[in-house]
Amino acid sequence: MRNNFRKGFRKNKATNHPAYTYSKKDGKYQYVSITHSDNYDNEPTIPLHKNPNSKDKKKAYILPNPYEDKIKDFSRGYNDWKIHAKDKSKFDSVMNKPIKKK
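Residues numbered from 1 in each chain as written. Predicted model: local features only at pLDDT ≥ 70, side-chain atom pairs only at ≥ 80, totals over all residues. Heavy atoms only, no water.

Before going further, it helps to examine the overall build of the chain. When helices and strands are tallied, the chain shows 1 helix and 9 strands. Here the analysis covers contacts within the chain between residues at least 6 apart in sequence; of these, 60% occur between residues at least 24 apart. Of the roughly 6,700 Å² of accessible surface on the chain, 48% is carried by carbon and sulfur atoms. On the chain, the mean spot of the 25 positive side-chain charges and the mean spot of the 11 negative ones are 6 Å from each other. (Helix = DSSP H or I, 4+ residues; strand = E, 2+ residues; numbered from the N terminus. Contact = heavy atoms within 4.5 Å. Areas by Shrake-Rupley, 256 points an atom, 1.4 Å probe, with all protein chains shown as cover. Lys, Arg positive; Asp, Glu negative; His and termini not counted. Charge placed at Lys NZ, Arg CZ, Asp CG, Glu CD.)

Opposite charge on two side chains allows them to pair when their charged atoms are near. Applying the stated criterion across every chain yields a total of 5 salt bridges. Notably, a salt bridge pairs Lys-100 with Glu-43, separated by 3.9 Å at the nearest N-O pair. On the criterion of sequence distance, the pair formed by Lys-100 in the segment after helix H1 (88-95) and Glu-43 in strand E5 (residues 43-44) is long-range, its members being 57 residues apart. (Salt bridge = Lys/Arg side-chain N within 4 Å of Asp/Glu carboxyl O.)

The next thing to look at is the packing of aromatic side chains. To describe a pair of aromatic rings, one takes the distance between the centres and the angle between the planes. In total, this model carries 9 aromatic pairs according to the counting rule given. Pairing Tyr-20 with Phe-91 gives two aromatic rings, centres 5.6 Å apart and planes at 75°, and the pair type is edge-to-face. With Tyr-20 in strand E2 (residues 17-25) and Phe-91 in helix H1, the pair connects residues that are 71 residues apart, well separated along the chain. Classification of Tyr-20 by relative accessible area gives buried; the value is 11%. An angle of 35° between the planes, with centres 6.2 Å apart, marks the rings of Tyr-31 and Tyr-67 as tilted. Placement of the pair is Tyr-31 in strand E3 (residues 28-35) and Tyr-67 in strand E8 (residues 67-70), with a sequence separation of 36 residues. Grouping residues by exposure puts Tyr-31 and Tyr-67 together as buried. Cluster of aromatic residues (ring-pair linked, three or more members): Phe-5, Tyr-29, Tyr-31, Tyr-67 and Phe-74. (Phe/Tyr/Trp six-rings, centres within 6.5 Å; stacked < 30°, edge-to-face > 60°. Buried < 20%, exposed > 50% of the residue type's maximum accessible area, 1.4 Å probe, protein only.)

Inspection of the secondary structure assignment puts His-17 in strand E2. Classification of His-17 as partly exposed rests on a relative accessible area of 30%. Note: C-alpha distance between His-17 and Arg-76 (59 residues apart in sequence) is 13 Å. Among residues more than four places away in sequence, those in contact with His-17 are Arg-10, Lys-11, Asn-12, Ser-33, Ile-34 and Thr-35. In this structure the side chain of His-17 is engaged in a polar contact, spanning 3.0 Å, whose partner is the backbone oxygen of Thr-15. (Polar contact = N/O pair within 3.5 Å; in protein donor to acceptor, adjacent residues only side chain to side chain.)

Written out as structure tokens, the structure is:
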């Protein structure tokens, strides 16, 4: 079976937030969640230099831990979203952490 997984931004229908999916494992996507909120679960979120959605002028943040959800919980990708060069290390540091269980 060919693995046609591509990293990228997708809508997580379970959380109703965009997510950067970076890995596919056991029928699930591992992802970094994106939000407009400066905190989540009483934990500060990580501010981004630039919102990955160029059409959205609001401040964007990523959650400090990676999560995983079933592939069916994600819709098609946002092809025009990009990680700004100054934010790449922030995404990398979250992706290198262990997956957080909800």
